[in-house]
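Observations on the three-dimensional arrangement
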Amino acid sequence: MIAIGSDHAGYSLKCEVIKFLENSGIEYIDCGCNGESCDYPDIAEKTCEKVTSGECEKGILICGTGIGISMSANKIKGIRAALCQDYYTAKYTRLHNDANVLCMGGRVIGAGTAEEIVTVFLNTEFEGGRHQRRVDKIMGLENK
Ligand code: RB5
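Residues numbered from 1 in each chain as written. Predicted model: local features only at pLDDT ≥ 70, side-chain atom pairs only at ≥ 80, totals over all residues. Heavy atoms only, no water.

Some words on the site of the ligand
- Asp7, His8, Ala9, Tyr40, Cys63, Gly64, Thr65, Gly68 and Arg107 make up every residue found near the ligand.
- Note that an oxygen atom of the ligand is positioned 2.6 Å from one of the side-chain N or O atoms of Asp7.
- Gly64 has a polar backbone atom sitting 2.8 Å from an oxygen atom of the ligand.
- In the complex, 71% of the free accessible area of the ligand, which totals 300 Å², lies under the protein chains.
- Here the residues of the shell around the ligand sort into three nonpolar, four polar and two charged. (Near = heavy atom within 4 Å. Polar contact = N/O pair within 3.5 Å; in protein donor to acceptor, adjacent residues only side chain to side chain. Areas by Shrake-Rupley, 256 points an atom, 1.4 Å probe, with all protein chains shown as cover. Nonpolar A, V, L, I, M, F, W, Y, C, P; charged D, E, K, R; others polar.)

So this is what it looks like as structure tokens:
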């Protein structure tokens, strides 16, 4: 189960990503918005809560640039959000950072690129090993 959310600036790309999830048989919970003007920190909070509670395995967040919503998501304990606008970073944030939330910019990339990013993000396993120590250190920063 995937949690997905966007603000108004990410809404049309979110609709494309949802179509793609449906066509791929991937279940999701849509945490808003429905196209109305809203504040991306509220959407980040609502979507990430589904991940930290365990209801959803991963999250997808979209705003205009992807920046504001990723900044917001990374303030939430337990979240490792990665802003990815290309295939390579989406792949390596799973392999090396064990990212649990993917952020994208609806005003930056198109549906085709987003589909490739989502596919590699959802299908790549964390490598562990030396990367586990580094991820543990990231999570340790939550308590500073
Ligand atoms: C909304 O206009 C825009 O500021 C927002 O979607 C995002 O790009 C912020 O980082």
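As for the pattern of salt bridges
- Counted under the stated rule, the structure contains six salt bridges.
- We note a salt bridge from Lys50 to Glu55, for which the minimum N-O separation is 3.6 Å.
- What makes Lys50 buried here is its relative accessible area of 19%.
- We classify Glu55 as partly exposed; its relative accessible area is 44%.
- One salt bridge in this structure joins Arg94 and Asp98, with 2.9 Å as the shortest N-O distance.
- Here the salt bridges share partners, and the residues they tie into one network are Arg80, Arg94 and Asp98. (Salt bridge = Lys/Arg side-chain N within 4 Å of Asp/Glu carboxyl O. Buried < 20%, exposed > 50% of the residue type's maximum accessible area, 1.4 Å probe, protein only.)

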